[in-house]
Amino acid sequence: MADLKYDLLDADQARALAGEMQELYAEVYAEPPYEEGPEHVAQFRRRFRDQLRQSGFSLARAVDADAGRLVGAAYGHTMPAGEWMEPRVGEPPADLLDVPKLMIPEWMVRKPYRGRGVGRRLLGMLLDGRPEPYAILASNPAAPARRIYERMGWQQCGTIAPKLIPPMDVLVLPLPRSS
């Protein structure tokens, strides 16, 4: 097994990874059931640049120390009270809408590194010690990750209907209160 190095970065540190993040996104989301192409990758790059400016941004990454290659990442930022994922289908639960949430736009691991706990560790690093009472994310219902989220305790609380991709399940996880 490769020697992996893990770290948690703030927005300033993560900004330098934009190209590597785009490459990781392109590889992971080219796979079924996503089958995304260049238009989606360009859209990701714009979204990532915008997300870096959000309050509470942090990025957990795993790097193959031998290859010097980014093999996985999960990142998130604070979504303020009153905001929700768009375009939503129906109204979100008031108890979630009315509080700040950790929004996790992406959680990606290259295929050769899956099944080794890399993704679970990245997500754990990202969630650990967050001040928000909940984390939320969107998942393709047909993706293998969707079942992983269920095993980790995430619960469906809504749906969004993006333009360029199939409808997504919105999942929520209560976070332990920091003392």
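Reading the values: the criteria
Residues numbered from 1 in each chain as written. Predicted model: local features only at pLDDT ≥ 70, side-chain atom pairs only at ≥ 80, totals over all residues. Heavy atoms only, no water. Salt bridge = Lys/Arg side-chain N within 4 Å of Asp/Glu carboxyl O. Helix = DSSP H or I, 4+ residues; strand = E, 2+ residues; numbered from the N terminus. Buried < 20%, exposed > 50% of the residue type's maximum accessible area, 1.4 Å probe, protein only. Phe/Tyr/Trp six-rings, centres within 6.5 Å; stacked < 30°, edge-to-face > 60°. Lys NZ or Arg CZ within 6 Å of the ring centre and 35° of its normal.

The next point concerns the pattern of salt bridges. Taken as a whole, this structure holds 13 salt bridges when the rule is applied. The partner of R110 in a salt bridge is E23, and the shortest N-O contact between them spans 3.3 Å. Linking R110 in the loop between β5 (101-109) and α5 (118-127) with E23 in helix α2 (residues 18-29), this pair joins segments that are 87 residues apart in sequence. We classify R110 as buried; its relative accessible area is 2%. For the salt bridge of E132 with R130, the shortest nitrogen-to-oxygen distance reads 2.8 Å. Like E132, the residue R130 is buried in the burial classification. Within this structure, E23, E27, R69 and R110 form a network of salt bridges that share partners.

A few words now on the packing of aromatic side chains. If you walk through the whole model with that rule in mind, you get 9 aromatic pairs. Centre to centre, the rings of Y25 and F44 are 4.4 Å apart; their planes meet at 10 degrees, and the pair counts as stacked. In this pair, Y25 sits in helix α2 while F44 sits in helix α3 (residues 38-51), placing the two residues 19 residues apart along the sequence. For F44, a relative accessible area of 0% puts it in the buried group. Each ring, one from F44 and one from F48, has its centre 5.7 Å from the other, and the planes form 20 degrees; the classification is stacked. Of the two residues, F44 and F48 are both situated in helix α3; the distance of 4 residues between them amounts to about one turn of the helix. With respect to burial, F44 and F48 carry one shared label: buried. Ring pairing ties together the aromatic residues Y25, Y29, Y34, F44, F48, F57 and Y75, which thus form one cluster. When the ring centre of Y6 is taken as origin, the NZ or CZ atom of R121, which lies over that ring, is 3.8 Å away.

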